[in-house]
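Results of the structural survey
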Amino acid sequence: MPDIAEIGVIGGSGFYEFLTDAEEVKVETPFGEPSEAVTVGELSGRRVAFLPRHGRDHRFPPHKIPYRANLWALRSLGVHQVLAPSAVGSLTASYGPGTLVIPDQLVDRTTGRTQTYYDAGACHVPFADPYCPGGRSRAIATARSFGWVPAGSGTLVVIEGQRFSTRAESLWYAAQGWTIVGMTGHPEAVLARELALCYTPLCLVTDTDAGVDEGDGVTQAEVFEAFAGNVKRLRDLVARIIAVFPAQQDDDMCAHALDGIQLPFELP
Ligand SMILES: [Zn+2]
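All of these numbers come straight from a predicted model, not from anything done at the bench. (Residues numbered from 1 in each chain as written. Predicted model: local features only at pLDDT ≥ 70, side-chain atom pairs only at ≥ 80, totals over all residues. Heavy atoms only, no water.)

1. Section: the layout of surface pockets
In this structure, the largest pocket spans a volume of roughly 450 Å³. Surrounding the largest pocket, 26 residues form its lining, Ser-13, Pro-62, Phe-164, Met-183 and Val-223 being those nearest its centre. Looking at the lining of the largest pocket, the elements with two or more residues in it are strand E5 (81-90), strand E9 (180-182), strand E10 (198-208) and helix H5 (220-244). Residue composition of the lining of the largest pocket, grouped by class: eleven nonpolar, twelve polar and three charged. (1 Å grid on protein atoms, 1.4 Å probe; cavity = no way out; pocket = protein on both sides within 12 Å on 5 of 7 lines; lining within 4 Å. Points joined across faces, edges and corners; volume = space filled by probe spheres on them. Helix = DSSP H or I, 4+ residues; strand = E, 2+ residues; numbered from the N terminus. Nonpolar A, V, L, I, M, F, W, Y, C, P; charged D, E, K, R; others polar.)

Structure, rendered in structure tokens:
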């Protein structure tokens, strides 16, 4: 597969379309098919590959998303930077619906998801800082200048789902000082790291989790409605962030994540 894209965007719930005038590319991977055919087109002077995380018809629930195929497909198209918008619940009373959070930490509370490409050998990638530092700072600066001042740090706890949290779980997560809760941020981030990709999350708060402040518990309808109300804004922001991303990958920790590690196979 020739390198035809530089930046990848993995759209979350409600973020099913992104590029106009784009070409559909079907990518086969050793890990099966990605959630959808990847669309590749030009935006903000960059070649961009877009993939709706849940499929265009939202057929993949969080625990069934082909995460490995998705990241592999993007990398095999030449992508080195991944922007990952997603809908999240807030564990922080002051971060109501519509708040944009660009977290800097992640807690994995998923169970049973395959979270590595490397089933042979010792391939322990560094993950102390799970997200791309350059991608995060560019995203934060761009969101600020766009007038959508984000929470520029925070901890995303990723739960297995598909159910939402109980009140006790929400209170526990909040008591740990964790900021937001979602269902898809893991293993997506670590698989990106295992492919030495830069990965930057953009988390849109759609609801306040049960038990946090006056949160009443959340329904799927509320989440989809809140996301729909912000999706155009989020798309515009993603386009602006893409414009400030470099054409080449930074010489950063993501690019060097696999240095000194003997991989059982070649990367695409
Ligand atoms: Zn990076």
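What follows continues from the structure just given.
2. Examining the coordination of the zinc ion
Within the protein, the zinc ion binds to Cys-132 (SG), Cys-198 (SG), Asp-252 (OD) and Cys-254 (SG); these donor distances fall in the range 2.0 to 2.3 Å. Each donor residue of the zinc ion belongs to the same chain, and together they define the spacing C-x65-C-x53-D-x1-C. Placement of Cys-132 in the loop between strand E7 (105-109) and helix H2 (133-145) and of Cys-254 in the segment after H5 is noted, with a sequence separation of 122 residues between them. Residue Cys-132 shares its accessibility class with Cys-254, and that shared class is buried. (Donors = N, O, S within 2.8 Å, 3.2 Å for Na, K, Ca; no water. Buried < 20%, exposed > 50% of the residue type's maximum accessible area, 1.4 Å probe, protein only.)

3. Considerations on the side chain of Arg-53
Inspection of the secondary structure assignment puts Arg-53 in the loop between strand E4 (46-52) and helix H1 (67-76). A relative accessible area of 1% places Arg-53 in the buried class. There is a polar contact of 3.4 Å between the side chain of Arg-53 and the backbone oxygen of Ile-10. Not counting the four nearest positions on each side in its chain, Arg-53 is found in contact with Ile-10, Gly-11, Gly-12, Ser-35, Ile-65, Asn-70, Ala-84, Pro-85, Ser-86, Thr-184, Glu-188 and Tyr-199. (Polar contact = N/O pair within 3.5 Å; in protein donor to acceptor, adjacent residues only side chain to side chain. Contact = heavy atoms within 4.5 Å.)

4. Some thoughts on empty space enclosed by the protein
Over the atoms a probe the size of a water molecule is rolled, and this reveals where empty space is left. What the rule picks out here adds up to two cavities of 30 Å³ or more. Space inside the largest cavity adds up to approximately 50 Å³. Contributing to the lining of the largest cavity are Arg-53, Ala-84, Ser-86, Tyr-131, Leu-156, Thr-184, Gly-185, Glu-188, Tyr-199, Pro-201 and Cys-203. Going through the elements one at a time, E5, helix H4 (185-194) and E10 are the ones with two or more residues in the lining of the largest cavity. Here the lining of the largest cavity gets three residues from one element, more than from any other, and that element is E10. In this structure, the second largest cavity encloses a volume near 30 Å³. In terms of lining residues, the second largest cavity is bounded by Ser-86, Ala-87, Val-88, Leu-156, Gly-182, Met-183, Thr-184 and Gly-185. Looking at the lining of the second largest cavity element by element, the count peaks at three residues for E5.

5. Describing the pattern of salt bridges
Overall, the coordinates contain twelve salt bridges when judged by the stated rule. Here Glu-33 ties to Lys-26 by a salt bridge, and the two come within 3.8 Å at their closest N and O atoms. Residue Glu-33 is classed as partly exposed on the basis of its relative accessible area, which comes to 47%. Look at Lys-26 and you get exposed, because its relative accessible area is 59%. Of the charged contacts in the structure, one is a salt bridge between Glu-188 and Arg-53, with a shortest N-O distance of 2.8 Å. Here the residue Glu-188 occupies a position in helix H4, and Arg-53 occupies one in the loop between E4 and H1, the gap between them amounting to 135 residues. Note on accessibility: Glu-188 and Arg-53 belong to one class, buried. (Salt bridge = Lys/Arg side-chain N within 4 Å of Asp/Glu carboxyl O.)

6. As for the environment of Gln-115
Looking at the element boundaries, Gln-115 is found in the loop between E7 and H2. Using a relative accessible area of 36% as the deciding quantity, one classes Gln-115 as partly exposed. As for Gln-115 and Glu-194, which are separated by 79 residues in sequence, their C-alpha atoms are 9.6 Å apart. Not counting residues up to four positions away in its chain, the partners in contact with Gln-115 are Asp-108, His-186, Pro-187, Val-190, Leu-191 and Glu-194.

7. What to know about the pairing of E5
The buried fraction of E5 amounts to ten of the ten residues, a majority that puts the element mostly inside the structure. Sheet topology places strand E1 (residues 7-11) next to E5; three bridges connect them, and they run parallel. Its bridge partner being in E5, Val-9 is matched across the sheet by Leu-83. In the sheet, E5 pairs with E10 via ten bridges, with the strands oriented parallel. Paired with Ser-90 across the two strands is Thr-208, which belongs to E10. Pairing analysis gives two bridges linking E5 to E9, with the strands arranged antiparallel. When the bridges of E9 are listed, Gly-89 appears paired with Val-181. (Pairing = 2+ DSSP bridges.)

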